[in-house]
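Coordinate inspection notes
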Amino acid sequence: MVDMNNFAIGQSVPRVEDARFITGRGRYIGDVNLPDQAHAAVLRSPHAAAAIRSIDTGPARAAPGVLGVFSAKDLGNELGTTSISFKRRRPDGSPMFWRAHPGLATDRVRYVGDPVALVVAETLEQARDAAELIEVDYDAGAAVADILSALDPGSPAVWDECPDNISNIHEMGDRAATEAAFTRARHVVKRRYVVSRVHSQYMEPRSALAVHDPREDCYTLYCDVQAPHALRDLLALEVLRIPKDRIRVVAFDIGGAFGGKGPAVEHRLILWAAKRLGRPVKWQASRSEALLADEHGRDNAHEAELALDADGKFLALRSHWIANVGAYINGDRNFQCSFTNTPGIVGVYAFPTAYVRSTCVMTNTGMLAPYRGAGRPEATFVIERLIDDAAAELGLDRIELRRKNVIPPEALPLNTALGFVYDCGNFGKCMDRALEMADWTGFDARREGSKSKGLLRGIGLANPIERAGPVSTEYAEIRLDGAGKATVLMGTKNQGQGHETTFKQVLYAKLGIAPENVDYIDGDTNLVAQGIGTFGSRSASIGGSALVVASNKVIEKGRKIAAHLMEAAEADIVFKAGHFSIEGTDRRRSLDEIAQAASQPGKIPPGMEPGLFGSGAWSPPDVTFPYGTHVCEVEVDPETGVVRVVRYFVVDDVGTMINPAILKGQIHGGIAQGAGQVLMEQVAYDRDSGQLLSGSFLDYAMPRADDFCNIEFDSLSVPTERNLLGVKGAGEAGAVGALPVVMNAIMDALAPLGVKELDMPATPDRVWRAIRGARK
């Protein structure tokens, strides 16, 4: 039983879903098994670029337990390919170049991990063993895996039809005004920054189970995706080319996603195989397969310039954003990070003008997709690193330089130089509070303390801001059964963020229903009428607002029934804390009583539809802009290059805080992923061969608890008016701020030695080499 006095919005309610998680009662795809199911394994290319001369599947077909071995020839034209909606141009003005993956490679493979064949067998072990028996004759060719190398005129072409490897370009801002500002600038600071490629490394590797019903000729796909309805629509309309009502997508509990669990090639393959074989087919990626099979994140380079006047005021920002999109583009998600959140590169600063040119480059690597932040961390990294570098080059104080250029609260709402419209906040106050929390002025004493131990110490600051809640519609439905129970159905999809708790708090605030009396449903396209899903920090702001709309409909219908039962005017009925009452009297009826009456035609107004339920959809007028300030201190051992995070402080403005404890968890998790990328994480390819060098946790370093210090958190809450709850979003905020602030702290620690450049990840080897290089 939950203490209802502590279940209101703004209370740190313990997550109600955690009980089943920590007792092994969660339901993941690994827990879903059906009678007579078979298992699938995918044979993947060992080459980054090669022609397929021949495929001999005979030995695999003859292996024990094998039900089928399929190549691209077997698929034929039975499966369609996916499309894009963002139409871009190449540098010469021609339409953008892109190629969707066909499902299985036809005549060529274009990255290590490219799917070549599908094996289905009685057991997973049999399928994987048989896949190793397939004999593929490859004619390996030259590959290019690095984005900057891919732009060199002599580099191999990933696709013959695109000899320069440029998929598309996109421009934003005022180029002419920006060039004019640079012409009259007193100071121009120019830098190149590289943001490395990483993998989401969710606890649950991707999995799916496909079923075909021959009687109805319909499909069911159980999978771990962030947007079940969107996947259903894509598979129905573009891949299987059937009506949407003939495919059901079901997602149960999901062990993390972070942007990386969207539509996948494996989904269409096992759906096809399930129909072909007449049996359910299950595919489960192994941990080692994940780095080959999954979409990766980040991987871009930036050539950025900052123009300042003689007083240090920002005049303009100019940047060339070079983004790796891998070998294939299956949809908008594979290149959207290069432009959807790029306007955030101006940060919280008053730029009169700015211009950004994005270039998407194809390489012989796996596909790219959103990863926690989806372009926001990269944009913030560039501006916050550039400000620090400008301050160092011009001999200015980095904090005062920020203060001089930060947007004042009275300037809001503000249309930025790149088109974002910041609606509310107090950026300067947020920074000042973080500086005070972190005791910025006492840093010199702490640096001396580290020096006495033979260590370097650095401090960094970053002011992240992000676009959250992309404008779209979300859906919610509430059903009351008349027996004291309610069912909530949400179009969002929980992946570990605590949606069940959060939305039950919203429901309690609106209807006064105790959380133990609420059944929560999401992720099933046959049960939830519609939905968009969870990404872009949108669930609480848009999904929560949809739940408010649905709650209001329940209240309005309940008010009519209460007025009828109590023989009062509807205008005299008020609803509060789960009860309808006649204003100014002690006469009242509970919501449960009204729900019971609603199911009895004789107790409701004539002509009213029986039942107490309501559905709601909500689309915001614009995006929201959560922001904050991060301060980080690190110690660096100059003899080994080891970096330790020793102090970390965050002040965030995410608007209304529905559950501060969940909020802190989201911020802490984002910081771990952002700091992990700066310190150690990297999907690494060999530049010459395109071979994946970080294919397991032996080579792909992941941060652990002992890599972090305690993270101090505070909030500056300025609710937005762009949704019904005042929520701005928080799922990605930690990662957006951590990426620049940790690197700024490292560079500050190394500055006394003369180190001016260091690309992430700041591994001990890289830091040690940078120190030695500076000393020479």
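Here is a short report on the structure shown in this document.

Each value, and the rule that gives it
- Residues numbered from 1 in each chain as written.
- Predicted model: local features only at pLDDT ≥ 70, side-chain atom pairs only at ≥ 80, totals over all residues.
- Heavy atoms only, no water.
- Axes fitted to C-alpha atoms, helices over the stretch in contact; angles between N-to-C directions.
- Helix = DSSP H or I, 4+ residues; strand = E, 2+ residues; numbered from the N terminus.
- Parallel < 35°, antiparallel > 145°, perpendicular 65-115°, else oblique.
- Left-handed = near helix turned anticlockwise from the far one by under 90°.
- Contact = heavy atoms within 4.5 Å.
- Buried < 20%, exposed > 50% of the residue type's maximum accessible area, 1.4 Å probe, protein only.
- Arc of directions from axis to C-beta.
- Phe/Tyr/Trp six-rings, centres within 6.5 Å; stacked < 30°, edge-to-face > 60°.
- Pairing = 2+ DSSP bridges.
- Expected span 1.5 Å × (residues − 1).
- 1 Å grid on protein atoms, 1.4 Å probe; cavity = no way out; pocket = protein on both sides within 12 Å on 5 of 7 lines; lining within 4 Å.
- Points joined across faces, edges and corners; volume = space filled by probe spheres on them.
- Nonpolar A, V, L, I, M, F, W, Y, C, P; charged D, E, K, R; others polar.

1. Details of the packing of helix α10 (residues 376–394) against helix α18 (residues 733–750)
Between α10 and α18, whose axes approach to 8 Å, the crossing angle comes to 30 degrees. Taken together, the axes of α10 and α18 are roughly parallel relative to one another. The interaxial crossing formed by α10 with α18 has right-handed handedness. Of α18, the residues touching α10 (which contributes R376, P377, E378, T380, F381, E384, R385 and D388) are A735, V736, L739, P740, M743, N744 and M747.

2. Some thoughts on unusual backbone geometry
Going from L412 to P413, the amide bond is cis rather than trans, its omega being 0 degrees. Mapped onto the elements, P413 comes out in the loop between α11 (398–405) and β16 (414–415). For the bond running from M760 to P761, omega is 0 degrees, close enough to zero to count as cis. Within the secondary structure layout, P761 lies in the loop between α18 and α19 (764–775). Look at F258: it is not a glycine, yet its phi comes out positive at around 60 degrees. With respect to the secondary-structure elements, F258 resides in the loop between β11 (247–250) and α8 (265–277). Taking the relative accessible area as the measure of exposure, F258 reaches 28% and is therefore partly exposed. One non-glycine residue, E567, adopts positive backbone phi at about 50 degrees. Tracing the chain through its elements places E567 in the loop between α15 (539–565) and β22 (573–576).

3. Some words on helix α4 (residues 124–131)
In an α-helix, one turn spans 3.6 residues; hence positions three or four apart end up facing the same way. When α4 is considered as a whole, its buried residues turn out to be L124, A127, A130 and A131. The buried side chains of α4 occupy one side of the element, clustering within an arc of 135 degrees when seen end-on. Its buried side turned inward, α4 meets β1 (38–44), α2 (58–61), β3 (66–70), β5 (115–121) and β12 (281–284).

4. Examining the packing of aromatic side chains
One pass over the full model with this rule turns up 17 aromatic pairs. Between F314 and F351 the ring centres are 5.1 Å apart and the planes differ by 20 degrees, which places this aromatic pair in the stacked class. Here F351 lies in the loop between β14 (314–326) and β15 (353–362) and F314 lies in strand β14, a separation of 37 residues in the sequence. One exposure class covers both F314 and F351, and it is buried.

5. With respect to the sheet that holds β14
Taking strand neighbours across the sheet as the criterion, the 5 strands line up as β7-β15-β14-β13-β8 in an open arrangement whose pairing is mixed. Either end of the sheet is taken by a strand with one partner, and the two such strands are β7 (166–173) and β8 (187–198). Here the strands of the sheet are splayed against their neighbours by 10 degrees on average, with no regard to which way each runs. Across 9 bridges, the pairing between strand β13 (residues 297–308) and β14 is antiparallel. Directly across from N300, in β14, lies its bridge partner A323. Helix-sheet contacts for α10 involve β8, β13 and β14, and the interaxial angle to β8 is about 140 degrees.

6. Considering helix α14 (residues 499–511)
In a regular helix each residue adds 1.5 Å, so 13 residues correspond to 18 Å; α14 covers 18 Å between its end C-alpha atoms and thus fits that length. Judged by how many residues are buried, α14 sits mostly within the fold: 10 of 13 residues are covered.

7. Notes on the layout of surface pockets
Of the pockets and cavities examined, the second largest pocket occupies roughly 590 Å³. Every residue lining the second largest pocket is counted, 25 residues in all, and those nearest its centre are D388, A392, R398, D748 and A751. Listed by contribution, the elements that provide at least two residues to the lining of the second largest pocket are α10, α11, α13 (443–452) and α18. Class assignment for the residues of the lining of the second largest pocket results in 10 nonpolar, 4 polar and 11 charged.

8. Re empty space enclosed by the protein
What the rule picks out here adds up to 5 cavities of 30 Å³ or more. Here the largest cavity defines a volume of roughly 170 Å³. Forming the walls of the largest cavity are 18 residues, and the residues nearest its centre are R206, A264, A293, E295 and M367. Class assignment for the residues of the lining of the largest cavity results in 8 nonpolar, 4 polar and 6 charged. Roughly 130 Å³ of internal volume is contained in the second largest cavity. Looking at the lining of the second largest cavity, the elements that each hand over two or more residues are β13 and β14. For the lining of the second largest cavity, the per-class residue count stands at 7 nonpolar, 5 polar and 4 charged.

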